[in-house]
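# Structure assessment
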Amino acid sequence: MKYEDGMQILYDVLSKGVFIQFRGKSDFLKGPFPSQREAIRAAEDYCRKLGWGESRQQ
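Here the residue index of a chain counts from 1 through its sequence in written order. In view of the model being predicted, local features appear only for residues whose pLDDT reaches at least 70, and side-chain atom pairs are presented and counted only at 80 or more, with totals across whole chains, interfaces and linings using the full set of residues. The basis for every side-chain value is the complete set of heavy atoms in the structure, and neither hydrogens nor water enter the calculation.

### Brief notes about the packing of aromatic side chains
Selection criterion: Stacked, tilted and edge-to-face pairs are distinguished by plane angle, under 30 degrees for stacked and over 60 for edge-to-face with tilted covering the rest, among Phe, Tyr and Trp rings (Trp via its six-membered ring) whose centres lie within 6.5 Å. Secondary structure follows DSSP: runs of H or I at least 4 residues long count as helices, runs of E at least 2 residues long count as strands, and numbering of each begins at the N terminus. A 1.4 Å probe rolled over the protein chains alone gives each residue an accessible area, and that area as a share of the maximum for its type sets the label: buried under 20%, exposed over 50%, partly exposed in between.
For the coordinates displayed, the defined rule picks out two aromatic pairs. Pairing Tyr-3 with Trp-52 gives two aromatic rings, centres 5.5 Å apart and planes at 70°, and the pair type is edge-to-face. Remark: Trp-52 occurs in the segment after helix 1 (36-49) and Tyr-3 occurs in the segment before strand 1 (8-12); sequence separation between them is 49 residues. Taking the relative accessible area as the measure of exposure, Trp-52 reaches 5% and is therefore buried. Considering the side-chain rings of Phe-19 and Phe-28, the 4.6 Å spacing of their centres and the 50° angle between planes classify their relative orientation as tilted.

### Observations concerning the pattern of salt bridges
What counts is decided by this rule: Salt-bridge detection follows one rule: a side-chain nitrogen of Lys or Arg within 4 Å of a carboxyl oxygen of Asp or Glu.
According to the stated counting rule, one finds three salt bridges in the structure shown. For Arg-23, the salt bridge identified is with Glu-4, shortest N-O distance 2.7 Å. Taken as a pair, Arg-23 in the loop between strand 2 (17-22) and strand 3 (25-29) and Glu-4 in the segment before strand 1 lie far apart in primary sequence, 19 residues in all. Using a relative accessible area of 19% as the deciding quantity, one classes Glu-4 as buried. Of the charged contacts, one joins Asp-45 and Arg-48 as a salt bridge, the two residues approaching to 3.0 Å between their closest N and O atoms. Of this pair, Asp-45 and Arg-48 both sit in helix 1, separated by three residues, roughly a single helical turn. Under the relative-accessibility criterion, Asp-45 is labelled partly exposed at 37%. What makes Arg-48 partly exposed here is its relative accessible area of 37%.

Written out as structure tokens, the structure reads:
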């Protein structure tokens, strides 16, 4: 699924955590995650819980 404008997910190789920018809010999932793929998957799941993928009324 395509990311929304302004949505970013960045994996931190040193801490094995992931930074998330979503709808104007920033967060960090501490991990450690076993791989970049797992970290990104967790971040995308986090964004889905916040409404990513649902239609947004403007």
